[in-house]
Amino acid sequence: YKINSADMTIIEGQDYELKIDRGGDDLPIVTASTKMVAKSRLISPNPSTTSAIDFNYVQFNTFSWLGGDGAATYDFYIRFNYRERVGSNGPFDDKSVTWLVIKNTELDEYETAGRNFYSFLSGAIPQDQNYERRFSDIDVVLESGGQEILELNRINSANLGITSSQDVPSYSNLSEGRGIFSSKYKDEITGISLSPRSLDSLANGIITGELGFRN
């Protein structure tokens, strides 16, 4: 279950309690509490400018953000938007692929080599000589989650490699049963362009040159 902020008045940083009445006289109320995650905002790229992102093969890109009250874990991803068509005369169709740059991190910044951007595109977009492709823009997205989501992710990570013959630990913040009561916040910057050098690498570079992109 989820509740969107538009459906009720939610106060950032406020503690909330969930009560579930299971409808039976002999069944106790299930309770859970959480702090509502406040706005986390992207710092780099800078949302107040329209500067293009430059992905250079041999340099690193640093993405950073300011966590809001109650935010404990972050996912950062880049949505690459483009258009493609069969041949050179037909209509273009809008397409997008999403690069999950970092997941379940407690850090407030992450550095990645520019080369990784092109490597992702090479694996996510199939090579096909019948297609002509054009870059549209990039969206950068930061999702922040509450402490309960962090604890769940820690348990899931710890379970990796545990055999089925052993007891698998689980996490729940409900008074009875299993599940989590928490919140998430998403900050997004849309319509970011690529630098001329990055567009050239996209169309003619050694990693993505066969994907059919044209400047």
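Residues numbered from 1 in each chain as written. Predicted model: local features only at pLDDT ≥ 70, side-chain atom pairs only at ≥ 80, totals over all residues. Heavy atoms only, no water.

*Asks:* Looking at this structure, how should I read the sheet that holds strand 8 (residues 131-145)?
*Replies:* Strand pairs in the sheet, formed through backbone hydrogen bonds, run parallel or antiparallel to each other. Taken in spatial order, the four strands make up an open sheet running 6-5-8-9, and their pairing is antiparallel. The strands lining the two open edges of the sheet, one partner per strand, are strand 6 (93-105) and strand 9 (184-192). With strand direction ignored, the average angle separating the axes of adjacent strands in the sheet is 20°. Here strand 5 (residues 73-86) runs beside strand 8; their pairing, made up of 14 bridges, is antiparallel. (Pairing = 2+ DSSP bridges. Helix = DSSP H or I, 4+ residues; strand = E, 2+ residues; numbered from the N terminus. Axes fitted to C-alpha atoms, helices over the stretch in contact; angles between N-to-C directions.)

*Asks:* What is the right way to look at the confidence of the model for the protein chain in this model?
*Replies:* Should pLDDT be low for a region, the predicted coordinates there are not to be read in detail. Residues at a pLDDT of 70 or more form 94% of the protein chain, whose mean pLDDT is 91. At the low end of the mean pLDDT range in the protein chain sits helix 2 (residues 147-159), at 86; at the high end sits helix 1 (residues 114-124), at 98. (pLDDT = per-residue confidence, 0-100.)

*Asks:* Help me understand the environment of Val 101, please; the structure alone is not making it clear to me.
*Replies:* Tracing the backbone through its elements, the reader meets Val 101 in strand 6. Looking at Val 101, the relative accessible area reads 10%, which means it is buried. Remark: the alpha-carbon pair of Val 101 and Phe 117, spanning 16 residues in sequence, is separated by 8.9 Å. If we ignore the near neighbours within four places in the chain, the residues touching Val 101 are Phe 76, Tyr 77, Ile 78, Tyr 110 and Thr 112. (Buried < 20%, exposed > 50% of the residue type's maximum accessible area, 1.4 Å probe, protein only. Contact = heavy atoms within 4.5 Å.)

*Asks:* Would you explain helix 3 (residues 196-204) in this entry?
*Replies:* Every α-helical turn comprises 3.6 residues, leaving residues that sit three or four positions apart pointing alike. For helix 3, the complete set of buried residues consists of Ser 198, Ser 201, Leu 202 and Ala 203. Of the surrounding secondary structure, the elements contacted by the buried residues of helix 3 are strand 5, helix 1 and strand 8.

*Asks:* Explain the pattern of salt bridges to me, please; I cannot follow it from the model alone.
*Replies:* Should their charged atoms come close, side chains of opposite charge can pair. Counted by the stated rule, this structure contains 13 salt bridges. Arg 79 is paired through a salt bridge with Asp 139; the nearest N and O atoms lie 2.9 Å apart. Taken together, the positions of Arg 79 in strand 5 and Asp 139 in strand 8 put the pair 60 residues apart, joining distant regions of the chain. Residue classification places Arg 79 among the buried residues on the basis of a relative accessible area of 19%. (Salt bridge = Lys/Arg side-chain N within 4 Å of Asp/Glu carboxyl O.)

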